[in-house]
Amino acid sequence: MTYYLTGVPGVGKTTALAHFKNLGTWDEWLEERLPEMSKPFPTLTEEEEKKVDAWIMNQVGLKNRRLLDAEQDRGIGITLVDRCVPDAVSFTQPEGWSDKAKALLDAVSPGESNRAVHPGHVILLSGDPTEIMIRAATKNKVAPENYTNDIQEALCRVYGENGVTHLNVRNLSVGQVVKEIARIIHLGEYVECNLQGRLEEIRDEKITALKPIRVA
């Protein structure tokens, strides 16, 4: 069984993941994150945006392939993964959703490899934008309140409801968040989100963004 932890920068998913070393865990990125990724994506220059997108596509393809290989090798078990392939769509303005989804699908299955996005149950963390802005700042990330709020709404749009558990972490301590995630994993019903299907629907514009992402 695979569970994906997702949410805006600063919501606490990476901190929570560190408390589940008894499970198979995967960090957000396989390599050190680019410095440009600490800024809200709408503020990136065209050159920075291309650099970040290329890096993310490489990471997405590599991480998804390793997840597929690991499942085949290990078989039964519980895996908890920081971030999920469709996340990148949320960090894109509405007019770019279709192209970003196509790029992600191509990154997962280049050429004739015929790979699909590794499925799993999505745990989508959300919280108070003011709290998140403060947390993000402690990790050298810029997350204005409007930006955070809009990304949270975009994530909900990208993932939908099937195979997704929405967890509001507002005013919860790290320990409380960890307990809630553990309850979802060990006591909740395991239903996989069709991540491949969601991306295909976004690519085909059957799922679209509701509004642009604001920075200020």
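Residues numbered from 1 in each chain as written. Predicted model: local features only at pLDDT ≥ 70, side-chain atom pairs only at ≥ 80, totals over all residues. Heavy atoms only, no water.

S.K.: Even after reading the chapter, I still don't get the overall build of the chain, so can you show me in this structure?
M.R.: Along its length, the chain carries 8 helices and 5 strands. Rg of the C-alpha trace for the chain: 16 Å, near the compact-globule value of 17 Å for 216 residues, within the 12% margin. By its C-alpha atoms, the chain is 45 × 45 × 30 Å across when sized along the principal axes. Across the 216 residues in the chain, those meeting the buried criterion constitute 49%. (Helix = DSSP H or I, 4+ residues; strand = E, 2+ residues; numbered from the N terminus. Rg over C-alpha atoms; globule rule 2.2 N^0.38 Å. Buried < 20%, exposed > 50% of the residue type's maximum accessible area, 1.4 Å probe, protein only.)

S.K.: It is not clear to me how helix H4 (residues 97-108) should be interpreted in this structure. Could you clarify?
M.R.: An α-helical turn contains 3.6 residues, so a residue and the one three or four places further along point in the same direction. Taking 1.5 Å per residue, 12 residues should reach 16 Å; H4 reaches 17 Å between its end C-alpha atoms and fits that length. Burial in H4 covers these residues: Trp 97, Ser 98, Lys 100, Ala 101, Leu 104, Leu 105, Ala 107 and Val 108. (Expected span 1.5 Å × (residues − 1).)

S.K.: It is not clear to me how the nonpolar core should be interpreted in this structure. Could you clarify?
M.R.: In summary, soluble globular proteins display a tendency toward joint burial of nonpolar side chains. Counting 60 residues, the largest nonpolar core has Tyr 159 and Ile 181 as its most contacted members. Each residue touching Ile 181, except ones within four places of it in the same chain, is listed here: Leu 5, Ala 16, Phe 20, Ile 123 and Leu 167. (Core = buried A, V, L, I, M, F, W, Y, C linked by side-chain atoms within 4.5 Å. Contact = heavy atoms within 4.5 Å.)

S.K.: Just to check I follow, could you spell out the packing of H4 against helix H8 (residues 195-203) for this structure?
M.R.: Think of two packed helices as two axes; the pair is described by the angle between the axes and how far apart they sit. The N-to-C vectors of H4 and H8 enclose an angle of 140°; their axes lie 7 Å apart at closest approach. Judged by the angle between their axes, H4 and H8 are oblique. The handedness of the crossing between H4 and H8 is left-handed. Residues Trp 97, Ser 98, Ala 101, Lys 102, Leu 104 and Leu 105 of H4 touch H8, and the partners they reach there are Gln 196, Leu 199, Glu 200, Ile 202 and Arg 203. For the contact of H4 with H8, the residue count by class is 6 nonpolar, 2 polar and 3 charged. (Axes fitted to C-alpha atoms, helices over the stretch in contact; angles between N-to-C directions. Parallel < 35°, antiparallel > 145°, perpendicular 65-115°, else oblique. Left-handed = near helix turned anticlockwise from the far one by under 90°. Nonpolar A, V, L, I, M, F, W, Y, C, P; charged D, E, K, R; others polar.)

S.K.: I keep staring at the side chain of Asp 82 and nothing clicks. Help me out?
M.R.: Mapped onto the elements of the fold, Asp 82 is located in strand S3 (residues 79-82). Contacts of Asp 82, omitting those with residues within four sequence positions, involve Leu 5, Lys 13, Thr 14, Leu 17, Trp 26, Asp 27, Glu 28 and Lys 63.

S.K.: Where do I start with the pairing of strand S4 (residues 121-126) in this structure?
M.R.: In regular strands, side chains alternate between the two faces of the sheet. Counting buried positions along S4 yields 5 of 6 residues, so the element is predominantly enclosed. Here 4 bridges tie strand S1 (residues 2-6) to S4, and the two strands are oriented parallel to one another. If you follow Tyr 4 over to S4, its bridge partner there is Val 122. One ladder, built from 5 bridges, connects S4 with strand S5 (residues 164-168); its direction is parallel. Looking at the pairing, Val 122 lines up with Val 164 of S5. (Pairing = 2+ DSSP bridges.)

S.K.: When you look at the packing of aromatic side chains in this model, what are you seeing that I'm missing?
M.R.: The relation between two aromatic rings is expressed through the spacing of the ring centres and the mutual angle of the planes. A complete count under the given rule lists 3 aromatic pairs for this structure. Centroid distance Phe 41 to Tyr 147: 6.1 Å. Interplanar angle 55°. Geometry classified as tilted. Note that Phe 41 is positioned in the loop between strand S2 (24-26) and helix H2 (46-74) and Tyr 147 in helix H6 (residues 145-159), a separation of 106 residues in sequence. (Phe/Tyr/Trp six-rings, centres within 6.5 Å; stacked < 30°, edge-to-face > 60°.)

S.K.: Teacher, can you tell me more about the pattern of salt bridges here?
M.R.: Note on pairing: side chains with opposite charge can pair once their charged atoms come close. All chains considered together, the criterion is met by 15 salt bridges. Of the charged contacts, one joins Asp 82 and Lys 13 as a salt bridge, the two residues approaching to 2.8 Å between their closest N and O atoms. Taken together, the residues span a long stretch of sequence, with Asp 82 in strand S3 and Lys 13 in helix H1 (residues 13-17) at a distance of 69 residues. In this structure, Arg 214 and Asp 150 form a salt bridge, with 2.9 Å as the shortest nitrogen-oxygen distance. Placement of Arg 214 in the segment after H8 and of Asp 150 in helix H6 is noted, with a sequence separation of 64 residues between them. Take Asp 150: its relative accessible area is 2%, and that puts it in the buried class. What you see here is one network of salt bridges that share partners, running through Lys 13, Glu 28, Asp 82, Arg 83 and Asp 87. (Salt bridge = Lys/Arg side-chain N within 4 Å of Asp/Glu carboxyl O.)

S.K.: What am I meant to see in the side chain of Glu 36 here?
M.R.: Note that Glu 36 resides in the loop between S2 and H2. Judged by its relative accessible area of 14%, Glu 36 falls in the buried class. Discounting chain neighbours no more than four positions away, the residues touching Glu 36 are Leu 44, Glu 48, Lys 51 and Val 52.

S.K.: Help me out: how do you make sense of the environment of Gly 24 in this one?
M.R.: Mapping Gly 24 onto the fold places it in strand S2. Along the backbone, Gly 24 and Pro 40 are 16 residues apart, and their C-alpha atoms lie at a distance of 30 Å. Those residues in contact with Gly 24 that lie beyond four places of it in its chain are Ile 78, Thr 79 and Leu 80.

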